[in-house]
Amino acid sequence: MGKNFIDIKDFSKEDIIEILNRAKELKHLNKPKNVNLGLLKDKNIYFLFFEPSTRTKMSFLKAASLLGATTFDFETSKSSLNKGESLIETLVNLESLGADAFIIRVKEVGFFDILKNKIKASLINAGEGTYRHPSQALLDLYTLWEEYDYDFEKLKNLKITIIGDIKNSRVARSLLKLFSLFEIKTFIYGPSTYLLENPEVYNTEILNSLEEALNISDVIILLRIQLERQNAKKYFPSLKTYNYFYGLSLEKIKNIKKNIKIMHPGPFNEGVEINSELAYSNCSLIFKQVNNGVFVRAAILEKLLKI
Amino acid sequence: MSILLKNAKIIDPLQNLKGDKLSDILIENGKIIKIDKNISSFEASRVIDLEANYLSPGFIDIHVHFRDPGFTYKEDLETGSLAAISGGFTSVVCMPNTNPPLDDELALFYINEKRKNLPCLIYVATTITRSRKGEALSDFIYLKEKYKDLIVGISDDGNDVSDTLLLYNAMKLAKEYNLVVFSHCEDKYLFEDGHLNEGKASSFYGIKGILNECESIGAYRNIILALRTKARLHLQHVSTKETVKLLKVFKKENISAEATPHHFTLSEEQLLKDLDPNLKMNPPLRSKDDVKAIKKALSENIIDVIATDHAPHSEKEKNISFEKAPFGIIGLQTAFSLSLKLVEEGYLSLEKLIEKLSTKPSQIIGKPFIGNLKPGSLANITVFNTDETWVYTREVNKSKSFNSPFLGKTLKGKILKTFYKGELVYES
């Protein structure tokens, strides 16, 4: 294990198991609210978010505060970046101010690959374009592990299908990589314009219908559909039609015998990927995912920064 | 209700019936029951003697413009249907360039209701892009789900989809949802504002021409996208030898093509004699070499289907300068006679002709219960004579419009009777 968490592959399977176990402990330690464990009290963590974020940023901030680290929020819109300073130069400068870690979200894929050779502080990927979002994948795995009695053997027997715009999803890519590491069978499904040309690079397969997905899956992970993105309407016509063909509702899953679990990295579009009845039903792990994010991210920070 | 049609030379390519001997055909409740040598007249409540004329499955035109809703001064569903059955056609596919276009739910609802009472089977292609504007995907997968029987494919006919990304994704979804992509191949920049063939006609009149490559560049792009996506691609109104060459090289099972009677009957030479706005269509009448290439492509099955691109325009619209006149001519009533010339000239057998007018079109739109005379199929039937001549007068013309260069001409090969779901809907 190195100092960075840019990609799932930066941790071994054993590292990840350790992180999940630690997250479980932290979740119990946090039973009285607003605990400060002081484990990282001498650490400075800089937040640089070049794309809007609610869940991920708040969740990392809360994780840092649980461990007692000092956090700095770099205001990306008001910085020298607008004066022509490159992002990499900015980070080198911030490091000399005593940064121990950078938690970064960027639009461009490939940013971390350049940056990692120039920075000594820890780099934590909080979302990189359409490529990677490893902490989200870890918290989703944690949520499943918790749901299946903290038993990795049970996870191994699961069949998980991700439904949505796989092509543009960093969450999907990180999840597929992580599930593959844990030998969990995955499938993808969605409009043909949203799928991967070569799914085998992620060790996954394309399903042919929603019915098939519902019949074979133990867990279904839905992704947010974003028709406001540029060119989106050249890929799919409308949210209403997405909901009709690919959206899930209690009605659509009522004929499934087994106890299927529904996940969504958020924020979900009510009535598009999922109807609210289902999102708030017993099948849904959506709100557990949000809550678990804090402890998994705290465990990640601790693992990277605690000497 | 049962009808017995006696003494017909029956042609059905799907059953290998070549029309070389006389047989009878029994129809009951709108469906074919059987074909046999001597079916007893007692088996039917009505008997019609066809006097040794030819009988084939009803023709299917997968490219018409019925202008309804929106342009009903040119044509409407009733007059279009009458023109169809008068020409031996019992099924048509209407293109969506109406007003509103056929991606409008109300327009589809209207056609779906109206078609129940028409004397021929109406199918439609909905749009590829919203309102045919070429900017965003139309909601064709939802519309197809809502109007499963009505919609057979998608098309922006009149325009190609210039945005290749948009077309590529449309083809992927068309494949996923089993829709035919009817493709008007055209590079819009090369098209500029041409009016006739770039060649003799444009050189002579000084009117802006339309290059052959305008079609073939579009065709190439659309074909290779279909090879990638495996979508069912149907090239409309192929008019150039270059497109034929492309088809020869690249055609796979998921690709088909049509030619119109005017493109294999007339060339731009006709325009040199007469700058008639009724000789203005898009694609334009091409050179003699192109005409020959199209005929050959039909005989070699590189072009699968004959379709009319029946495009009515009012006399007011057409009786103006060639440059101002809109593109398109009507063709439903002349299609059979013009196509029969290919048989006379030895390009096609009569059986092959029926295949291109009926069997193949039904396969392209995926409707196995039409385009053949198998037991259980719809009793859509065309009865014709290949020797009789007739004059295409204004009185004979059933379309609301008269924009045909063949009006007033004597043509050989006559449609005698048309049956739709077992009912005699047309008789000459």
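A quick note: this is a predicted structure, and the numbers were derived from the prediction, not measured.

Undergrad: Got a sec to walk through the side chain of B:Asn278? Specific residues and values, please.
TA: Looking at the element boundaries, B:Asn278 is found in the loop between helix H10 (269–273) and helix H11 (288–299). In this view, B:Asn278 contacts B:Lys318, B:Ile329, B:Phe402, B:Asn403, B:Ser404 and B:Pro405; residues no more than four positions away in its chain are not counted.

Undergrad: Please set out the interface of chain A and chain B residue by residue, giving values where relevant.
TA: Between chain A and chain B, the contact holds 19 residues from the first and 20 residues from the second. For the pair chain A and chain B, the summed buried surface comes to about 1600 Å²; carbon and sulfur atoms form 52% of the total. Taken as a group, A:Lys234, A:Pro237 and A:Phe245 account for 34% of the area that chain A buries against chain B, more than any other trio of residues on that side. On inspection of chain A and its partner chain B, the count reaches four salt bridges. For B:Lys172, the salt bridge is made with A:Glu197, and the minimal N-O distance between the two is 3.8 Å. In this assembly, chain A and chain B are joined by twelve residue pairs in polar contact (both at pLDDT 80 or more). A total of five residues in the side of chain A that touches chain B trace back to one element, the largest contributor, which is helix H9 (residues 239–246) of chain A. Looking at the side of chain A that touches chain B residue by residue, the class counts come to eight nonpolar, six polar and five charged.

Undergrad: Describe the domain arrangement of chain B, and please don't skip the residues or the numbers.
TA: All names here are of chain B. You can read the domains of chain B as domain 1 (2–55 + 377–387 + 410–427) and domain 2 (58–364). Of note, the centres of domain 1 and domain 2, computed from C-alpha atoms alone, are 29 Å apart. Counting residues at the interface gives 24 residues for domain 1, matched by 24 residues for domain 2. Interface area lost by domain 1 to domain 2 is led by Pro13, Leu411 and Tyr420, which between them contribute 27%. Residue Glu351 pairs with Lys18 through a salt bridge whose shortest N-O separation is 3.5 Å. Applying the counting criterion to the domain 1 and domain 2 interface returns six residue pairs in polar contact (both at pLDDT 80 or more). Elements represented by at least two residues in the side of domain 1 that touches domain 2 include exactly strand S2 (17–28), strand S16 (381–391), strand S17 (410–420) and strand S18 (423–427). In terms of residue count, S17 provides more of the side of domain 1 that touches domain 2 than any other element does, eight residues in total. Here the residues of the side of domain 1 that touches domain 2 sort into 14 nonpolar, seven polar and three charged.

Undergrad: Break down the domain arrangement of chain A for me, citing the residues and quoting the values.
TA: Residue and element names in this part refer to chain A. Looking at the assigned domains, one finds that chain A contains domain 1 (8–133 + 290–305) and domain 2 (136–289). Summarising the inter-unit geometry, the C-alpha centres of domain 1 and domain 2 are found 26 Å apart. Between domain 1 and domain 2, the contact holds 30 residues from the first and 30 residues from the second. In total, about 2600 Å² of surface goes out of reach between domain 1 and domain 2, with carbon and sulfur atoms giving 62% of it. Looking only at domain 1, the three residues that lose the most surface to domain 2 are Ile8, Leu20 and His133, adding up to 25% of its buried area. Our count for the contact surface shared by domain 1 and domain 2 stands at three salt bridges. For Glu51, the salt bridge goes to Arg170, with nearest N and O atoms at 2.9 Å.

Undergrad: Talk me through the pattern of salt bridges; I want residue IDs and the actual numbers.
TA: Considering all chains together, one arrives at 45 salt bridges over all chains under this definition. We note a salt bridge from B:Glu300 to B:Lys296, for which the minimum N-O separation is 3.4 Å. Between B:Glu315 and B:Arg394 there is a salt bridge, with the nearest N and O atoms lying 2.9 Å from each other. Here B:Glu315, found in helix H12 (residues 315–318), pairs with B:Arg394, found in the loop between S16 and S17; they are 79 residues apart in sequence, far enough to count as distant. Each of the salt bridges in this network shares a partner with another, and the network as a whole consists of A:Asp7, A:Asp113, A:Glu128, A:Arg132 and A:Lys177.

Undergrad: Which residues make up the confidence of the model for chain B, and what values do they have?
TA: For chain B, per-residue confidence averages 97 on the pLDDT scale, and residues scoring 70 or more make up 100% of the total. ipTM for the predicted complex: 0.87, alongside a pTM of 0.93.

Undergrad: An account of unusual backbone geometry is needed here, citing residue identities and associated values.
TA: All names here are of chain B. A cis amide bond, omega 0 degrees, links Asn99 with the succeeding residue Pro100. Cis peptide bonds are those with omega within 30 degrees of zero, and the linkage from Asn282 to Pro283 qualifies with 0 degrees. For Asn16, which is not glycine, the phi torsion reads 60 degrees and is therefore positive. With respect to the helices and strands, Asn16 occurs in the loop between strand S1 (2–12) and S2. A positive phi angle, close to 60 degrees, is found at Arg67, a residue other than glycine. Residue placement: Arg67 occurs in the loop between strand S6 (59–64) and helix H1 (77–86).

Criteria and thresholds
- Residues numbered from 1 in each chain as written.
- Chains lettered and ligands numbered in written order.
- Predicted model: local features only at pLDDT ≥ 70, side-chain atom pairs only at ≥ 80, totals over all residues.
- Heavy atoms only, no water.
- Helix = DSSP H or I, 4+ residues; strand = E, 2+ residues; numbered from the N terminus.
- Contact = heavy atoms within 4.5 Å.
- Buried area = accessible area lost by both parts, 1.4 Å probe.
- Salt bridge = Lys/Arg side-chain N within 4 Å of Asp/Glu carboxyl O.
- Polar contact = N/O pair within 3.5 Å; in protein donor to acceptor, adjacent residues only side chain to side chain.
- Nonpolar A, V, L, I, M, F, W, Y, C, P; charged D, E, K, R; others polar.
- Domains from an automatic or database assignment.
- pLDDT = per-residue confidence, 0-100.

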